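Structural characterization, general
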Amino acid sequence: MEEKEIKKRILCTSSSIVIIGASSREERPVFSVMKYLAAVGHSLYPVNPTYAGEKILGFSCVSSIKDLSVPADIVALFISPSLQKDVVEDLILFKERLRAKRGPALVDSMEDPILLKEHTVIWFQPGSENPYFEGLLQEKGFHVISHACMMMDHRRNCSQIR
């Protein structure tokens, strides 16, 4: 699937988006992007150990993607490359478990969630680009988007849909 098609398919419809590096600080770019995505109808799942247990824009924040129980359409990284290793390892583990399961049910139980959909997109927001992890995730079968802002791409590709 081409990147433009992926962007339209996921950004222009109500999607579940995991926000790695979420922040309640209004001056942070991630806050503005989250506020916009929520306003256009996406379901957000903030992840940041600093804000775990708190709400950001009304969405409950968790410490790790392992703490989520909802399969994601997009996993958006707003963290620097030096902080991405654990997240990428968890994503690869989830993908391997999804492949092993080979069924339509994506969550085994609350104790054993598989938090990916078959075509989950990993989105490296500007400033979080990481060629090594991008390549590794692509090798593992993920769709990867980099060097693009979800908010700007939504405005560019989906404004006529709203």
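Before reading on, note that the structure itself is shown above.
Because the structure is a prediction, the values reported are computed rather than measured. (Residues numbered from 1 in each chain as written. Predicted model: local features only at pLDDT ≥ 70, side-chain atom pairs only at ≥ 80, totals over all residues. Heavy atoms only, no water.)

Here we look at the nonpolar core
- Ile17, Ile19, Ile74, Ala76, Trp123 and Met150 are the most contacted members of the largest nonpolar core, which has 28 residues in total.
- Every element with two or more residues in this core is listed here: helix H1 (3-11), strand E1 (16-20), helix H2 (29-39), strand E5 (72-77), strand E6 (116-124) and helix H5 (150-158).
- If one sorts the elements of this core by residue count, H2 sits on top with 5 residues.
- The residues contacting Ile17, other than those within four sequence positions of it, are Leu37, His42, Ser43, Leu44, Tyr45, Ile74, Ala76 and Met150.
- In this structure, Ala72, Val88, Leu91 and Phe142 belong to the second largest nonpolar core, which totals 21 residues. (Core = buried A, V, L, I, M, F, W, Y, C linked by side-chain atoms within 4.5 Å. Buried < 20%, exposed > 50% of the residue type's maximum accessible area, 1.4 Å probe, protein only. Helix = DSSP H or I, 4+ residues; strand = E, 2+ residues; numbered from the N terminus. Contact = heavy atoms within 4.5 Å.)

Things to note about the state of the cysteines
- In this structure the tally under the stated criterion is 1 disulfide.
- Between the sulfur atoms of Cys12 and its disulfide mate Cys158 the distance is 1.9 Å. Across the S-S bond of Cys12 and Cys158 the torsion is about -80°, and the bridge reads as left-handed. With Cys12 in the loop between H1 and E1 and Cys158 in helix H5, this pair connects stretches of sequence that are 146 residues apart.
- Overall, the relative accessible area of 15% leaves Cys12 in the buried class. (Disulfide = S-S within 2.5 Å.)

Some details on the pairing of E1
- Among the 5 residues that make up E1, 5 are buried, leaving the element largely enclosed by the rest of the structure.
- Residues Ser16, Val18 and Ile20 of E1 are buried on one face, and the alternating residues Ile17 and Ile19, pointing to the opposite face, are buried as well.
- Inspection of the sheet shows E1 paired to strand E2 (residues 43-47) by 5 bridges, in the parallel sense. For Ile20, the partnering residue across the bridge sits in E2 and is Val47.
- On the question of chirality, the crossover connecting E1 to the parallel E2 by way of H2 is right-handed.
- Note that E1 and E5 share 4 bridges and pair parallel. Residue pairing in the sheet places Ile17 in a bridge with Ile74 of E5. (Pairing = 2+ DSSP bridges. Right-handed = clockwise from strand over helix to strand, strands pointing away.)

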